[in-house]
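Here is what each chain is made of, one letter per residue.
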Amino acid sequence: MISFPLFLHLTHLSTLVYIFHIKQSEMKKHNFSAGPAILPQEVFAQAASAIRDFEGMGLSILEISHRSKEFTAVMEEAQALVLELANLDADDYAVLFLGGGASSQFFMVPMNLMDEGQSAAYINTGAWATKAIKEAKLFGHVSVVASSEDDAFTYIPKGWSVPTDARYVHITTNNTIRGTQYHALPDTGDAPLVADMSSDIFSRPLDFSRFGLFYAGAQKNLGPAGVTLVVVRKDLVGQVRRQLPTMLNYQTHIDKGSMFNTPPVFPIYTLMLTLRWIKSQGGLTAMEVRNREKATLFYSELDRNPLFRGTAVAEDRSWMNATFVLERPELEQAFLQACEAAGCVGLKGHRSVGGFRASMYNAMELESVQTLVDVMRDFAEKHA
Ligand SMILES: *Cc1c(COP(=O)(O)O)cnc(C)c1O
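A.B. asks: Would you mind going over the packing of aromatic side chains with me for this structure?
C.D. replies: Two descriptors summarise a pair of aromatic rings, namely the distance from one centre to the other and the angle between the planes of the rings. One pass over the structure, following the stated rule, counts 14 aromatic pairs. Ring geometry for Phe-208 against Phe-211: centres 6.1 Å apart, planes inclined by 40 degrees, an arrangement best described as tilted. In this structure, Phe-208 and Phe-211 share a single accessibility class: buried. With a centroid separation of 5.1 Å and an interplanar angle of 80 degrees, the aromatic rings of Phe-335 and Phe-356 are classed as edge-to-face. With a gap of 21 residues between them, Phe-335 in helix α9 (residues 332–341) and Phe-356 in strand β14 (residues 356–359) connect regions that are remote in the sequence. Of the two residues, Phe-335 and Phe-356, neither departs from the other in class, the shared state being buried. Among the aromatic residues, those joined into a cluster by ring pairs are Phe-298, Tyr-299, Phe-308, Phe-324, Phe-335, Phe-356 and Phe-379.

Given below as structure tokens:
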């Protein structure tokens, strides 16, 4: 039989364990994950509430028709916000929300924009660009006009020129794995730019009218995994003679307002909430200010701290994904533990390159970057 004092002791202990668990799960997490990634807290809250009851319908957003007036309004608002943020006109550009990830755009782009016997120019700045090039070769002639593969994709090649017969020029505006980013758009003359913007979409103002097409998997800067944003200049579509499967033809989705089949309803809703958030913060100009501030804070510490070294060339460093290594690799585990203890998670570099990567997408607060910088500073002092 349990004596009274021991019983008291046990309940006391379980209370302590309980409190400790709450403390653990309530400790603020700073999510530096490269993707799926952080979104604004208010977007999480609104999305969660729509799962229980969408717009007071007494129904979850997960169970309503994609053709209901409530979801149609979401789709229209999402499309309008994309055009508004990009400062593009609905007469010229179509906004599509497709399945298949950014990876499916690697083949849909050449399939729709380059006929057999025609050619397109690609810039190879890393693993994602390499995959896009591989797929494009299935549909026409691909000329890789510049590549930074010679130096482990640590820089953005510049000063290249576009072959006159290129139907389009494909770039990857931000290289998620190696941590490089175009800080100025290349001049491609008359050839339309096509860009994989998966990891820096809407992180800064750009002249979006320079693009014939841009696409982004939502899970880095816009929403949950499951939807890919494609914005395409309508006059570029429908120019190839090859037979296209209905679902892989941009024209199908343009004609049906991205509702040819059931679109990814919940990811589109969440993405729309993120676009509203971007707009409420002051649009892309405000995103640029915010992202510049975070990147400056992080990179100044990186350059000052003797224990760490950045892996990308300084002028091409990404504001979204900062890649770095420890000068003493034997300390890697200890550093990750120190990060974890401060609530900083998702910092392990991509499995193909190792080291560390701090992803600082739009939704990340300056305070989170400050927390990481403090950990790096303390860690270097401890291991000096
Ligand atoms: C993550 C990523 C992709 C792949 O996106 P999926 O939606 O997983 O296919 C492609 N390009 C870039 C630049 C990325 O960061």
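A.B. asks: Honestly, the pairing of strand β10 (residues 228–233) in this entry has me stumped. Any pointers?
C.D. replies: Taken residue by residue, a regular strand's side chains alternate between the two faces of the sheet. Summarising burial for β10: 5 of the 6 residues are buried, a large majority. For strand β2 (residues 93–98) and β10, the ladder comprises 6 bridges, and the chain directions are antiparallel. If you follow Ala-94 over to β10, its bridge partner there is Val-232. As defined by bridge partners, strand β9 (residues 211–217) adjoins β10 across 5 bridges and the pair is classed as antiparallel. Within β10, the residue paired with Gly-217 across the bridge is Thr-228.

Cut-offs applied
Residues numbered from 1 in each chain as written. Predicted model: local features only at pLDDT ≥ 70, side-chain atom pairs only at ≥ 80, totals over all residues. Heavy atoms only, no water. Phe/Tyr/Trp six-rings, centres within 6.5 Å; stacked < 30°, edge-to-face > 60°. Buried < 20%, exposed > 50% of the residue type's maximum accessible area, 1.4 Å probe, protein only. Helix = DSSP H or I, 4+ residues; strand = E, 2+ residues; numbered from the N terminus. Pairing = 2+ DSSP bridges.

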